[in-house]
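# Understanding the architecture of this molecule
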Amino acid sequence: MKVAFRVLAFLSLCVFGSTIYSIQTELDRMRGSHRLIEELSYFPSGRFLKQAVLGYDHLAADLVWVRAIQYFGQHCLTDLKFEHLSHILDILTTLDPQFVHAYTFGSLLLLDYAGGRDEALSLLEKGMRENPLRWEIPF
């Protein structure tokens, strides 16, 4: 009896997961990928979001990090214009100032792909101010 219940629960979970996946795929197709990616440009400042997420700063920063990677990937595949990347990284590092990879990897993306030398240096300076004991950022 227990085995039958587990099999039924597993099959129900598979059906539920595939249904959610197909609905999300259809929604993404209807909205268009550019609209999904460009929503990051409408994010408010990081200071406002820090208060709005009610203490879940690290979780919100992780979500912004995933969206930043999606933004970068989408523009790498299409137009090679990264005009909102600096804004996204500023939001991310304001939400979680100790997110060292956002400073290091983000500054490389800004410098190499977005051509934003000043933005990259500004991001690194912010990282050094927020994390004076981390060697990765000035290195």
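Residues numbered from 1 in each chain as written. Predicted model: local features only at pLDDT ≥ 70, side-chain atom pairs only at ≥ 80, totals over all residues. Heavy atoms only, no water.

### Considerations on the pattern of salt bridges
Going through the model one piece at a time under the given rule, you end up with three salt bridges. Close ionic contact of D118 with R117 constitutes a salt bridge, the shortest N to O distance being 3.5 Å. Given the relative accessible area of 56%, D118 is considered exposed. By relative accessible area, R117 is classed as exposed at 53%. One salt bridge in this structure joins E136 and R134, with 2.9 Å as the shortest N-O distance. (Salt bridge = Lys/Arg side-chain N within 4 Å of Asp/Glu carboxyl O. Buried < 20%, exposed > 50% of the residue type's maximum accessible area, 1.4 Å probe, protein only.)

### Describing the nonpolar core
The biggest cluster of nonpolar side chains holds 25 residues, and the ones touching the most others in it are V64, L85, L89, L92, L95 and L110. Of all the secondary structure elements, the ones that give two or more residues to this core are α4 (57-77), α5 (85-95), α6 (100-112) and α7 (117-130). In terms of residues, this core owes the most to one element, α4, which gives seven residues. Leaving out residues up to four positions away in the same chain, L110 has contacts with L85, S86, L89, G115, G116, E119, A120 and L123. (Core = buried A, V, L, I, M, F, W, Y, C linked by side-chain atoms within 4.5 Å. Helix = DSSP H or I, 4+ residues; strand = E, 2+ residues; numbered from the N terminus. Contact = heavy atoms within 4.5 Å.)

### A short note on the confidence of the model for the protein chain
When pLDDT is averaged along the protein chain, the result is 81; 78% of the residues meet or exceed 70. Mean pLDDT across the elements of the protein chain ranges from a minimum in helix α2 (residues 33-38), with 53, to a maximum in α7, with 94. (pLDDT = per-residue confidence, 0-100.)

### Points about the environment of L80
When you line up the elements, L80 lands in the loop between α4 and α5. Assessed through its relative accessible area of 53%, L80 is described here as exposed. Taking the C-alpha atoms as reference points, L80 and A114, separated by 34 residues in sequence, lie 8.0 Å from one another.

### Comments concerning the environment of L92
Among the secondary structure elements, L92 is positioned in helix α5. Its relative accessible area of 0% is what places L92 among the buried residues. Each C-alpha atom, one on L92 and one on H58, is 9.3 Å from the other, the two residues being 34 residues apart in sequence. Residue contacts for L92: discarding those within four places in its chain leaves A61, V64, W65, F99 and A102.

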